[in-house]
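Given next are the chains, with one letter for each unit.
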Amino acid sequence: MKKEAVDHPTHYNKGKIEVIEAIEDWDLNFSEGNVIKYVARHRFKGEPLEDLKKAQWYLNRLIENLEKNLNN
């Protein structure tokens, strides 16, 4: 496995910063970070619709958890 496949693959570097830098800077939790990650990278990987559906899954989970907390 090439280093690029693990450390800074090309689909991670489509702008001035990597997505992980924004996620860490914004102090996002796991699910929040995954929503951002999958949306930001979906156009640069082989299955864009699959990545958007992954983002949707994490977003739905965030919404469900927030709704549960608001109802308790």
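This text goes with the structure placed above it.
Residues numbered from 1 in each chain as written. Predicted model: local features only at pLDDT ≥ 70, side-chain atom pairs only at ≥ 80, totals over all residues. Heavy atoms only, no water.

Could you give an account of the overall build of the protein, with specific residues and numbers?
When helices and strands are counted, the protein shows 3 helices and 0 strands. Scanning the protein from its N terminus toward the C terminus, one meets helices and strands in the order α-α-α. When the 72 residues of the protein are sorted by exposure, 24% land in the buried category. Accessible area of the protein: about 5900 Å², with a carbon and sulfur share of 53%. (Helix = DSSP H or I, 4+ residues; strand = E, 2+ residues; numbered from the N terminus. Buried < 20%, exposed > 50% of the residue type's maximum accessible area, 1.4 Å probe, protein only. Areas by Shrake-Rupley, 256 points an atom, 1.4 Å probe, with all protein chains shown as cover.)

Got a sec to walk through helix 2 (residues 30-41)? Specific residues and values, please.
With 12 residues, helix 2 should cover 16 Å at 1.5 Å per step; its first-to-last C-alpha distance of 16 Å lies within 8% of that length. Those residues of helix 2 not exposed but buried are Ser 31, Gly 33, Asn 34, Val 35, Lys 37, Tyr 38 and Arg 41. Here the buried face of helix 2 lies against helix 1 (19-25) and helix 3 (48-71). The N-capping residue of helix 2, defined by a side-chain oxygen 3.1 Å from the backbone nitrogen of Ser 31, is Asn 29. (Expected span 1.5 Å × (residues − 1). Contact = heavy atoms within 4.5 Å. Polar contact = N/O pair within 3.5 Å; in protein donor to acceptor, adjacent residues only side chain to side chain.)

Explain the packing of aromatic side chains to me, and be specific about the residues and the numbers.
By the definition in use, this model includes 3 aromatic pairs. With a centroid separation of 6.2 Å and an interplanar angle of 15°, the aromatic rings of Tyr 38 and Tyr 58 are classed as stacked. Highlighted residues: Tyr 38 in helix 2 and Tyr 58 in helix 3, separated in sequence by 20 residues. Like Tyr 38, the residue Tyr 58 is buried in the burial classification. (Phe/Tyr/Trp six-rings, centres within 6.5 Å; stacked < 30°, edge-to-face > 60°.)

I'd like to hear about the pattern of salt bridges, residue by residue, with values.
The tally for this structure, following the rule as stated, stands at 3 salt bridges. Notably, a salt bridge pairs Glu 50 with Lys 54, separated by 3.6 Å at the nearest N-O pair. Separated by 4 residues within a single helix, Glu 50 and Lys 54 lie in helix 3, roughly one turn from each other. Using a relative accessible area of 42% as the deciding quantity, one classes Glu 50 as partly exposed. Taking the relative accessible area as the measure of exposure, Lys 54 reaches 30% and is therefore partly exposed. Between Lys 54 and Asp 51 there is a salt bridge; the shortest N-O distance is 3.9 Å. Separated by 3 residues within a single helix, Lys 54 and Asp 51 lie in helix 3, roughly one turn from each other. A cluster of three or more residues bridged by salt bridges with shared partners is formed by Lys 45, Glu 50, Asp 51 and Lys 54. (Salt bridge = Lys/Arg side-chain N within 4 Å of Asp/Glu carboxyl O.)

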